[in-house]
Amino acid sequence: MTRQIIVGNWKMNGTSRDSQALVEALLAGLPATVPDIVTCPPFTQLALLADKLKGSPIALGAQDCHKDVSGAHTGDISPAMLTDLGVSYVILGHSERRQEHGELDETVREKAVAATKVGLTPIVCIGETEDQRESGEHFDTLGWQIKGSLPDNFSGILAYEPIWAIGTGRAATEDEIAETMKFLREELVRQFGEAGKTVRILYGGSVNAKNAASILSIADVAGALVGGASLNAEAFLSIIGAASAA
Ligand SMILES: O=C[C@H](O)COP(=O)(O)O
């Protein structure tokens, strides 16, 4: 059984005080056996949390990065700046960035290449809209997103997040997730050969303390990308506990 990975994406939430309190509660409540755990606060909290999490089982992730190492990109953060702070993972191509910032597959791929070069593990997000699922275009969409967003020799993590399940409280059903995981694995192997067999695939979209155990037990689900529930220590610890037991 592959070790599971639980990633908390705090999105645009958290003052210094909130972040410290949340991380302290997480560290105090961790079970003896833990899965891989990553917490992705806003950029503004990374330095503070790098210090707090040093030597702990919780790794630090960022929610995005630029594709260049440095240069005239006002307001952006480079992958090297993240490793400089002790960050190990970076979420790329989240649907909120694709939708709100018009981020394209090609940009996501370039960011994944740049992140990998400096030693970050990219967590590349893909997912279909509700319309695409209802009209039966979801697998085509996911296939194109894999082709466009993942670089050759991709060695990161793929996160499947149906857009209609994000923040809605309506997670995909176990059957939908199982069927999609099977498709994604086949597609990864079709596009990347042997290397496609080892990419870890996460599910994201309304994962919570109640549904985590059943979602994490679905074949080929290697963990979860958690939004809302990662802001609540008790809920996130329950999900971590479910991953330890999976
Ligand atoms: O990155 C996390 C996802 O967008 C899921 O968010 P959610 O757990 O609030 O649905």
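Residues numbered from 1 in each chain as written. Predicted model: local features only at pLDDT ≥ 70, side-chain atom pairs only at ≥ 80, totals over all residues. Heavy atoms only, no water.

- The chain carries the name Triosephosphate isomerase in an unreviewed UniProt entry, which gives Acetobacter cerevisiae as its organism.
- Taken directly from UniProt, the Subunit (unreviewed entry) text for the chain runs: "Homodimer." (UniProt positions renumbered as here; feature names shortened; annotations may be inferred.)

## Focus: the site of the ligand
- Around the ligand sit 13 residues, and of these K11, H94, E161, G167 and S206 come closest.
- If the ligand stood free it would expose 300 Å²; the protein chains cover 95% of that surface.
- Tallied by class, the residues present in the shell around the ligand amount to four nonpolar, seven polar and two charged. (Near = heavy atom within 4 Å. Areas by Shrake-Rupley, 256 points an atom, 1.4 Å probe, with all protein chains shown as cover. Nonpolar A, V, L, I, M, F, W, Y, C, P; charged D, E, K, R; others polar.)

## Quick look at the packing of helix α1 (residues 16–29) against helix α2 (residues 46–53)
- Put simply, α1 and α2 touch, their axes get as near as 10 Å, and they point 25° apart. Classified by the angle their axes make, α1 and α2 are roughly parallel. Taken as a pair, α1 and α2 cross one another with a handedness that is right-handed. Contacts from S16, S19, Q20, V23, E24 and L27 of α1 reach α2 at L48, L49, K52 and L53.
- Looking at the contact of α1 with α2 residue by residue, the class counts come to five nonpolar, three polar and two charged. (Axes fitted to C-alpha atoms, helices over the stretch in contact; angles between N-to-C directions. Helix = DSSP H or I, 4+ residues; strand = E, 2+ residues; numbered from the N terminus. Parallel < 35°, antiparallel > 145°, perpendicular 65-115°, else oblique. Left-handed = near helix turned anticlockwise from the far one by under 90°. Contact = heavy atoms within 4.5 Å.)

## Regarding the UniProt feature "binding site: substrate" (unreviewed entry) in the chain
- Mapped onto this structure's residue numbering, the UniProt feature "binding site: substrate" (unreviewed entry) falls at N9, W10, K11, G167, S206, G227 and G228. These annotated residues cover 220 residues of sequence, and their C-alpha atoms lie no more than 14.0 Å from one another, placing them together at a single site.
- Structurally, W10 is set in the loop between β1 (5–9) and α1.
- With residues near it in sequence (within four places) discarded, W10 still touches S19, L22, V23, T39, C40, P41, P42, L49, Q63, S230 and L231.
- S206 gets classed as buried once you look at its relative accessible area, which sits at 16%. (Buried < 20%, exposed > 50% of the residue type's maximum accessible area, 1.4 Å probe, protein only.)

## Quick look at the UniProt feature "active site" (unreviewed entry) in the chain
- Here, the residues flagged by UniProt with the feature "active site" (unreviewed entry) are H94 and E161. Taking the farthest pair of C-alpha atoms as the criterion, the annotated set spanning 68 residues converges on one region, since that pair is 8.5 Å apart.
- Residue position: H94 is located in the loop between β4 (89–92) and α4 (95–101).
- Of the residues examined, H94 reaches a relative accessible area of 4% and is grouped as buried.
- Here H94 is in contact with N9, K11, C125, E161 and I166, once residues within four sequence places are set aside.
- By the element assignment, E161 lies in the loop between β6 (157–160) and α8 (174–192).
- Among all residues touching E161, those that are not within four sequence positions of it are H94, C125, I126, G127, E128, I166, G204, G205 and L225.
- Of the polar contacts made by the side chain of E161, one reaches the side chain of H94; its length is 3.1 Å. (Polar contact = N/O pair within 3.5 Å; in protein donor to acceptor, adjacent residues only side chain to side chain.)

## Points about the sheet that holds strand β7 (residues 200–204)
- One closed barrel holds the eight strands; their spatial order is β1-β2-β3-β4-β5-β6-β7-β8, and the pairing between them is parallel. On average, adjacent strands in this sheet sit at an angle of 25° to one another, irrespective of strand direction.
- Pairing geometry for β6 and β7, over four bridges, is parallel. Bridge pairing in β7 links L158 to I201.
- Here α8 sits on the sheet in contact with β5 (121–126), β6 and β7, set at roughly 150° to β7.
- Taken strand by strand, helix α10 (residues 233–245) contacts β1, β2 (36–40) and β8 (223–226), and its axis lies near 160° from that of β1. (Pairing = 2+ DSSP bridges.)

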